[in-house]
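# Structure assessment
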Amino acid sequence: MSTDTEALAKLQQFRRSIDNFDAALIHILAERFRVTKAVGALKASADLPPSDPNREAEQVARLRELAKSADLDPDFAEKFLEFVIREVIQHHKQAGAK
């Protein structure tokens, strides 16, 4: 087997792993959004605000620390979480949370 063939076989193996991780991420995000949808409905029914800046700040700090311990760039983790939080807040606003 040539080096090119070996490299291509290894590349395919890596890509299968990446595909599996991507699928897992999608399923995890779907579950997360199912729960946050329930939170949005609860907030709307209880006339609570759609966002909680204190909770968000705590989550950012907690996930930055988790990222560091996982050897993941904490800035990337924060940006990703902020994107998710913005989406959740938008969903909460659409659900009628005040």
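Our structure's up above, just so we're on the same page.
Since this is a predicted model, take the numbers as computed values, not measurements. (Residues numbered from 1 in each chain as written. Predicted model: local features only at pLDDT ≥ 70, side-chain atom pairs only at ≥ 80, totals over all residues. Heavy atoms only, no water.)

### Regarding the layout of surface pockets
Heads up, the rule is: Only protein atoms enter the 1 Å grid used here. Points where a 1.4 Å probe fits but cannot escape make up a cavity, open sets with protein on both sides within 12 Å along at least five of seven lines make up a pocket, and a residue lines them when an atom lies within 4 Å of a point. Grid points are joined across faces, edges and corners, and a volume is the space filled by probe spheres set on the points. Numbered from the N terminus, helices here are DSSP runs of H or I no shorter than four residues, and strands are runs of E no shorter than two.
In this structure, the largest pocket encloses a volume near 370 Å³. For the largest pocket, the lining is made up of 14 residues, of which L25, L29, L63, A77 and F80 are closest to its centre. Those elements that provide at least two residues to the lining of the largest pocket are α1 (3-45), α2 (53-69) and α3 (74-95). A per-element tally of the lining of the largest pocket places α3 first, with five residues. Estimates place the volume of the second largest pocket at around 300 Å³. Lining the second largest pocket are 15 residues, and of these T36, K43, R55, V88 and H92 sit closest to its centre. Counting residues per element, the ones that place at least two in the lining of the second largest pocket are α1, α2 and α3. Sorting elements by how many residues they give to the lining of the second largest pocket places α3 first, with five residues.

### Examining the environment of E65
For clarity, the threshold we go by: Three labels apply to residues, based on accessible area from a 1.4 Å probe with only protein chains included: buried if under 20% of the type maximum, exposed if over 50%, partly exposed otherwise in between.
Its place among the elements puts E65 in helix α2. Given the relative accessible area of 48%, E65 is considered partly exposed. Separated by twelve residues in sequence, E65 and A77 have C-alpha atoms that sit 9.6 Å apart.

### What about the environment of A67?
Filter applied, for reference: In what follows, residue pairs with any heavy atoms lying within 4.5 Å of each other are defined as contacts.
Tracing the sequence through the fold places A67 in helix α2. Judged by relative accessible area, which is 3%, A67 ranks as buried. Among residues more than four places away in sequence, those in contact with A67 are L72, D73, P74 and A77.

### With respect to α2
Counted only if it meets this: How far a helix is expected to stretch is found by multiplying one less than its residue total by 1.5 Å. The directions considered for the arc run from the helix axis to the C-beta atoms.
Along its 17 residues, α2 runs 24 Å from first to last C-alpha, staying within 8% of the 24 Å computed at 1.5 Å per residue. Listed as buried for α2 are Q59, V60 and A67. Buried residues along α2 cover an arc of 105 degrees about the axis, so they all sit on one side. For α2, the exposed residues set more than 90 degrees away from the buried face come down to N54, E58 and S69. Taken together, the buried residues of α2 touch α3. Downstream of α2 by a residue or two, D71 has a phi angle that is positive, lying close to 60 degrees.

### Considering the packing of aromatic side chains
The line we're drawing: Think of it this way: a Phe, Tyr or Trp ring, Trp meaning its six-membered ring, pairs with another when their centres are within 6.5 Å, and the plane angle makes it stacked under 30 degrees, edge-to-face over 60, tilted otherwise.
Overall, the coordinates contain one aromatic pair when judged by the stated rule. Ring centres of F76 and F80 lie 6.4 Å apart, and the angle between their planes is 25 degrees; this geometry places the pair in the stacked category. Here F80 and F76 lie together in helix α3, a separation of four residues that amounts to about one turn. The partly exposed category is assigned to F80, whose relative accessible area is 41%.

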